[in-house]
Structure formats: structure tokens, C-alpha cells
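Residue-level structural notes
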Amino acid sequence: MLLRLRSGQGVSLAALLVLAIAASSCHGVLKKEYEYEEELYLDLDGSATLYVNASVPALVALRGVDLNTNPRARFDRQRVRAIFEGEHVTVRTPTTSRRNGRRFIHVRVDADRLADLQRLAPFAWSTYSMRRRDEVIEFRQVVGAPAARAIGDVGWTGEELVAFRMHLPSEIPYHNAPSHKVQRGNILEWEQLLTDRLKGAPLDIQAHMTTQSILYSTLLLFGGTILAAAATFAIVIWWIARKGRNIELIA
């Protein structure tokens, strides 16, 4: 069935519906864009991997690092790497991308302890703590004031977002993430407007985790299932063999 427009051009109603559905679907799955993002993968022993994805202007303004905010400036990997290096941490080779006329850098830092992260200049605005209470480990991160270094006009509109995201290894009985929802894969997220972060708006991140990792529980359940299946299989074989012997005796 065709829908005739005033211009005389025939347009398929089905095609319009497909386009509308596709547009709606794309809107739902598009990932938010952040000007500054810390993504923390935390283990129960206190070791952590922290990913930083940030525009160079955001890093300069928030953390006061000495980098050229000009997107055409040469990207010096060694200089960026040096910003995040420190004792007891491993820094992976930084990578770069461009978005909205600004250069972004992407860095991974592995640390044996949260305290090792806190000693690094880029993360010194945060205080981390983990303490065990009965069968729960209580995590807290308080993000303090930024460097608030002036950088001039870099094309910000005032709508840019900052995110602190956590990937936790076990069940989460409590957290204070604004969404009140644990995302797929035990992910929690705290967001702020970049303008609020530059002003030092309070950010108090809290999450409690059980002391048994999800991976361990999954492996335990999987192992139990295999053992139960093997036992059932053995019983069936025993029953068939016994039934066969009974038939031979009767014969």
C-alpha cells in the first residue's frame, strides 16, 4: 500500500515504519558520550584496574596536567604515560581518538591496591577505602575538588558529562548510585555535569559487596550441576545393567 504525498512522490508506508523503528532503536542503544570518565574494575582483594577516557581539555581543567589542548597538537604517548605512572602500578600504552573537535585519550592503569591509585597525581582528588564488616565489604570513594585550571574556549556547551563507573565482582546489597539500578555485569554509575565537577560539587560513591565473587559462585554452581548430571548418568547405567542381568536370569 502506498501513501501519496502532495509532491506526487509515492512513499511506502512500510518503509516509513521501518525507518521510524530503526531510529527509535538506535536512540535507545546509543552510548552516552562523556567528556571525562573513570571506569574502575575492583577485585575483592583490593586490587583494581582503572580506565580513564577523557578529552585533553577536561584532563587539563580537572586535573591540572600539562598537555596541549590544541586538537592538532602532536600526541606524545610517552608524556601522557608519564602522567599516570607511579610505584606499584602498570600503565598500558595510551591511545587517542577525536570527538567534537577535541582530542581524547584512553589510558589503563593496573594497581595492586587502591592506595597505589590514590598516590598518583591524576587520581589524588579521590580518597578510597575498603573495609570488611561481617560478610560484606564496604567500598567508598569521595571525589574532592578539581584543579579548576582555566583553559579558555574549547567548544564546551555546558551539557558535557562526567562519569564515575564501577564494575564490582560480587553481589551488591547496597549502593548509592543515583539510578538505583545495577546495570548488566554488576555495573554502577555516578554522573555529573562537567560544569558541576569543575565547581567541586560533592561526589560520595558508596557500594557494598558480598565477600564471595560471582565468578566463584558461578563455577561452584556449574561444578555442582556437572556432578549431579554425572551421578544421574551413573545411576541410569547401573539401572540398565541391573535390568539386563535380571532379564538374563529369567531367561
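Computed from a predicted structure; not experimentally measured. (Residues numbered from 1 in each chain as written. Predicted model: local features only at pLDDT ≥ 70, side-chain atom pairs only at ≥ 80, totals over all residues. Heavy atoms only, no water.)

Overview of the sheet that holds strand E9 (residues 136–143)
Here we have 4 strands laid out as an open sheet, ordered E8-E9-E13-E11, and antiparallel in their pairing. Since the sheet does not close on itself, it has two edges, and those belong to strand E8 (126–133) and strand E11 (174–175), each with one partner. The pairing of E11 with strand E13 (residues 203–210) spans 2 bridges and is classified as antiparallel. Residue pairing in the sheet places Tyr-174 in a bridge with His-208 of E13. (Pairing = 2+ DSSP bridges. Helix = DSSP H or I, 4+ residues; strand = E, 2+ residues; numbered from the N terminus.)

Some words on the packing of aromatic side chains
Within the structure shown, the criterion is met by 5 aromatic pairs. Summarising the aromatic geometry, the rings of Tyr-36 and Phe-164 are spaced 6.3 Å apart at their centres and angled 50° between planes, so their arrangement reads as tilted. With Tyr-36 in strand E3 (residues 36–42) and Phe-164 in strand E10 (residues 161–167), this residue pair connects regions lying 128 residues apart in the sequence. The same class applies to Tyr-36 as to Phe-164, namely buried. A ring pair is formed by Phe-84 and Phe-123, whose centres lie 5.9 Å apart and whose planes are at 45°; its orientation type is tilted. Placement of the pair is Phe-84 in helix H3 (residues 77–84) and Phe-123 in the loop between helix H4 (114–118) and E8, with a sequence separation of 39 residues. Ring-pair connections join several aromatic residues into one group, and the members of that group are Tyr-36, Trp-125 and Phe-164. (Phe/Tyr/Trp six-rings, centres within 6.5 Å; stacked < 30°, edge-to-face > 60°. Buried < 20%, exposed > 50% of the residue type's maximum accessible area, 1.4 Å probe, protein only.)

Things to note about the pattern of salt bridges
Enumeration according to the criterion identifies 17 salt bridges in this entry. Glu-138 is paired through a salt bridge with Arg-131; the nearest N and O atoms lie 3.0 Å apart. Ionic pairing is found between Glu-135 and Arg-132, a salt bridge with its closest N-O pair at 3.6 Å. When sorted by exposure, Glu-135 lands in the same class as Arg-132, which is exposed. Each of Glu-37, Glu-39, Arg-165 and Glu-189 takes part in one network of salt bridges that share partners. (Salt bridge = Lys/Arg side-chain N within 4 Å of Asp/Glu carboxyl O.)

Section: the nonpolar core
Within the largest apolar cluster, 45 residues are counted, with the highest numbers of intra-cluster contacts made by Tyr-36, Phe-84, Val-109, Leu-117, Phe-123 and Phe-139. The biggest single contributor to this core is helix H2 (residues 56–63), with 5 residues. Not counting residues up to four positions away in its chain, the partners in contact with Tyr-36 are Val-52, Asn-53, Ala-54, Ala-58, Leu-59, Leu-62, Trp-125, Leu-161, Val-162, Ala-163 and Phe-164. (Core = buried A, V, L, I, M, F, W, Y, C linked by side-chain atoms within 4.5 Å. Contact = heavy atoms within 4.5 Å.)

Points about the layout of surface pockets
In this structure, the second largest pocket spans a volume of roughly 160 Å³. Along its surface, the second largest pocket is lined by Val-56, Leu-67, Asn-68, Asn-70, Ala-73, Arg-74, Phe-75, Asp-76, Arg-79, Val-80, Arg-103 and Ile-105. When residues of the lining of the second largest pocket are traced back to their parent elements, those giving at least two are H3 and strand E7 (102–111). A breakdown of the residues in the lining of the second largest pocket according to their chemical character gives 6 nonpolar, 2 polar and 4 charged. (1 Å grid on protein atoms, 1.4 Å probe; cavity = no way out; pocket = protein on both sides within 12 Å on 5 of 7 lines; lining within 4 Å. Points joined across faces, edges and corners; volume = space filled by probe spheres on them. Nonpolar A, V, L, I, M, F, W, Y, C, P; charged D, E, K, R; others polar.)

Thoughts on unusual backbone geometry
Phi is positive for Asp-134, which is not a glycine, with a value near 55°. Inspection of the secondary structure assignment puts Asp-134 in the loop between E8 and E9. In this structure Asp-134 comes out as exposed when scored by relative accessible area, which is 66%. You will see that Ala-148, though not glycine, has its phi angle at about 55°, which is positive.

With respect to the environment of Ala-54
Locating Ala-54 in the fold gives a position in strand E4 (residues 48–55). The exposure class of Ala-54 is buried, given its relative accessible area of 0%. On a C-alpha basis, the gap between Ala-54 and Glu-35 in space is 5.5 Å, while along the polypeptide they are 19 residues apart. Beyond its immediate chain neighbours, meaning those up to four positions away, Ala-54 contacts Glu-35, Tyr-36, Leu-59, Arg-103, Phe-104 and Ile-105.

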